[in-house]
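Structural overview
In case you want the letters, here they are:
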Amino acid sequence: MTLSCFRFFRLLRSIVAPATAVIGLSFLLIVVFILYQPTPGPGIVQRLGWQSWDAVTTADYFENSGIQHPEDVEDPDDTASQDQPTNTPPSDTDWLNVDWWNTTDSGDDPVDISSYPTDVWAPLLPHDTGLSEITITRCMIPIGFSGGLCDPGTTIEQDAVKGKWVRVDRDLNKQSGVWSLNIYYRRTRRLDIPLVTDLKLLPAGELPTPLTDPWVKVERSIRDGVMRKEPLFLWYKTGKTSQEMSAEEKQNMITEIDVLFGEDKPWYGFDKLQPAVTPEKEGHLESVYVTYRRGVKHVPRAPPLHFSKDGKFKILQVADLHYSVSRGVCRETVLDPCYASDNLTNSLLGHALDAEKPDLVVFTGDQLNGQGTSWDPKSVLAKFAVEITDRKIPWAAVFGNHDEENGDNGPKDIHGVGNYVLKVKSADRSMTHLLTLYFMDSGAYSKGYLDWFGYFFPTEYDWIHEDQINWFLQQSGSIDPIERPFTPDTANDLADLSKRQSDQIAPATRKLAKPNALMFFHIPLQESYADPDTDIRTGLPLDIGGLLKALESEHRGAGAIPEVKVVANGHCHITEDCKRVQDVWLCFGGGGSYSGYGKVGFDRRFRVYDISDYGETIRTYKRTEHDDILNELIIAGSGAAPYNLQS
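Now for a quick tour of the structure. Computed from a predicted model, the values in this text were never measured in an experiment.

Brief notes about the overall build of the protein
Counting secondary structure elements, the protein contains nine helices and 28 strands. At a minimum sequence separation of 6, the contacts of the protein that also span at least 24 residues come to 70%. Working note: accessible area of the protein is about 32,200 Å², and carbon and sulfur atoms make up 55% of it.

If you want it as structure tokens, here you go:
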């Protein structure tokens, strides 16, 4: 009995001792990382004042700069702004002959730049406020779990004068290094604080020139923690105060800092700071750059989607780019040598854009390669649409299963993050809605398992969910019917078109119906395995090419003719043709990238949707890397296969 009690208490002691240690450590961590944090008490709240949110200055940062102020509102008391050149048409403009999509009024509510927060890192916000101080800190634990312990030291007074520290949320040592390393800066709206006007990266022992300029050295090396690399130090130059700067000088001051991984272009408006923080080591390490923006650079806004005056609108579909942080690895191609596949694909895409001159480019998913190569989505997303934005072409995108699904498009109460509608309008003053474009998120994976190391292995693809279908039906139901075929108003702005062009359809009958529609999503569904429709003229199946998968819309716009004439998908790179199922064409884009898998001898290609007759005729074909035009097909309009008019 005594022996049994002894064993019991020994067992109890062996359990209690480690349990007490674990519980004690847990309490310690809670105290350090959660409880022992500064709270916004009355003193801090009172001292925040105008520094964080309110505008102090009424100075016009765009004086004589040729850049229109974002508010698009002139201050009658500001003489500088009255002399400022803007994009506003002169008062004697003949508004009857001005294209409605070419006016400077975007139709959106004006944005007040002074309302942007100064204590939040948001690199795409067009801040007009400068930076007052920069530093670099290390953190021995992941920065997301530090609870602010790794932030630079500060006081309430310093925060009020220079601004609060803002972390550039990009770990410079993400690929290598013993600890996390982040850049911090302060942003201020005060008029009496010198602002940062230049940046340099210099090795230890080297000084910036000229020495008479007020350069400040960040004490910690920007390569801190990286083994076998010479130290490199960030220097910044502080210049005049905001009150002392001219409009040109304000456009030259540093207004934002970011970090880019890889050798591609940074975000619009940003420049690379040379040299690379971490040089590229092909196959092992991607380069790391500090990037910066000077002044205010508003992201160009595409004009509203509209048909041309002769009733045409062209869409270029780009499927499955599979871009990586690196320059990309070529797959299944006869190109030899083939190096930097992402760059080669961009060149191919640029050639197709110049040949086709589309009015809209649609990316149908898998812009990112995933599979461990797109570990920094922001750096990859900065390059996939460069060829399009350089040509000022509007573009739209949906997510694929390889993309990082962290977007914010579409309603939040249904599946997916990329469900939205675009409407293409007529060029005349009526701005009639002539074509509907539906975009839906087909998800990524519906099933999978975690291995012993915590990695997810998918076993089944996702699908379009019922709430998305209901959303689509709701959007479709809100579209008003129009008189079709459409005839433009030629009284004023189309006076040069005295009659419809000879190649357009001559309507025998007119009807009241919704405009034609196209739908885009990435992963095709099982409906594509159904038997295709039969062409009642020839008795042959309407299957132009190989087997495709896509979602068939059960919605009917008017009578038995579907509103959605074609569903466009990506996903399967070497399946790229069309077939019709229950009066809806299901078309594949085909792989257009050297970075995605393919098949030797199967050219990379892009699908084109050429829409004419003010939306009545839809023609599609593919353009290959060798400029071959394949499988031209009329989907809707004159020359298309008749509908089966299913009930």
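What to know about the nonpolar core
If you look at the biggest cluster of nonpolar residues, it comprises 49 residues, and the most contacted ones within it are I134, I183, L199, I222, I257 and F363. Not counting residues within four places of it along the chain, the set of residues in contact with L199 comprises I134, W215, L234, W235, Y236, I254, I257, L273 and Y292. If you look at the next biggest cluster of nonpolar residues, it comprises 30 residues, including F486, C578, L633 and I635.

With respect to the pattern of salt bridges
Note that side chains of opposite charge can pair when their charged atoms are close. Following the criterion strictly, the structure yields 28 salt bridges and no others. Among the salt bridges present, the one from R186 reaches D159, with a minimum N-O distance of 3.0 Å. You can see R186 sitting in strand β3 (residues 180-188) and its partner D159 sitting in helix α4 (residues 156-162), a full 27 residues away along the chain. The exposure classification of R186 matches that of D159, with both residues buried. A salt bridge links D610 to R619; the shortest N-O distance between them is 2.7 Å.

Points about the sheet that holds strand β1 (residues 130-139)
Here we have three strands laid out as an open sheet, ordered β1-β3-β2, and antiparallel in their pairing. Here the strands that pair on one side only, and so sit at the sheet edges, are β1 and β2 (165-167). For this sheet, the mean angle separating the axes of adjacent strands, direction not counted, is 30°. Across three bridges, β2 lies against β3 in antiparallel orientation. Bridged to R167 within β3 is Y184.

What to know about the state of the cysteines
On inspection of all chains with the given rule, the structure shows three disulfides. A sulfur-sulfur separation of 1.9 Å characterises the disulfide bridge that pairs C139 with C150. Torsion about the S-S bond of the C139 and C150 cystine: about 60°, corresponding to right-handed handedness. Residue C139 is found in strand β1, and its partner C150 is found in the loop between β1 and α4; the two are separated by eleven residues along the sequence. By the burial criterion, C139 is buried, and C150 matches it. Shown here is the disulfide that connects C578 with C587, its sulfur atoms set 2.1 Å apart.

Cut-off values and rules
Residues numbered from 1 in each chain as written. Predicted model: local features only at pLDDT ≥ 70, side-chain atom pairs only at ≥ 80, totals over all residues. Heavy atoms only, no water. Helix = DSSP H or I, 4+ residues; strand = E, 2+ residues; numbered from the N terminus. Contact = heavy atoms within 4.5 Å. Areas by Shrake-Rupley, 256 points an atom, 1.4 Å probe, with all protein chains shown as cover. Core = buried A, V, L, I, M, F, W, Y, C linked by side-chain atoms within 4.5 Å. Buried < 20%, exposed > 50% of the residue type's maximum accessible area, 1.4 Å probe, protein only. Salt bridge = Lys/Arg side-chain N within 4 Å of Asp/Glu carboxyl O. Pairing = 2+ DSSP bridges. Axes fitted to C-alpha atoms, helices over the stretch in contact; angles between N-to-C directions. Disulfide = S-S within 2.5 Å.

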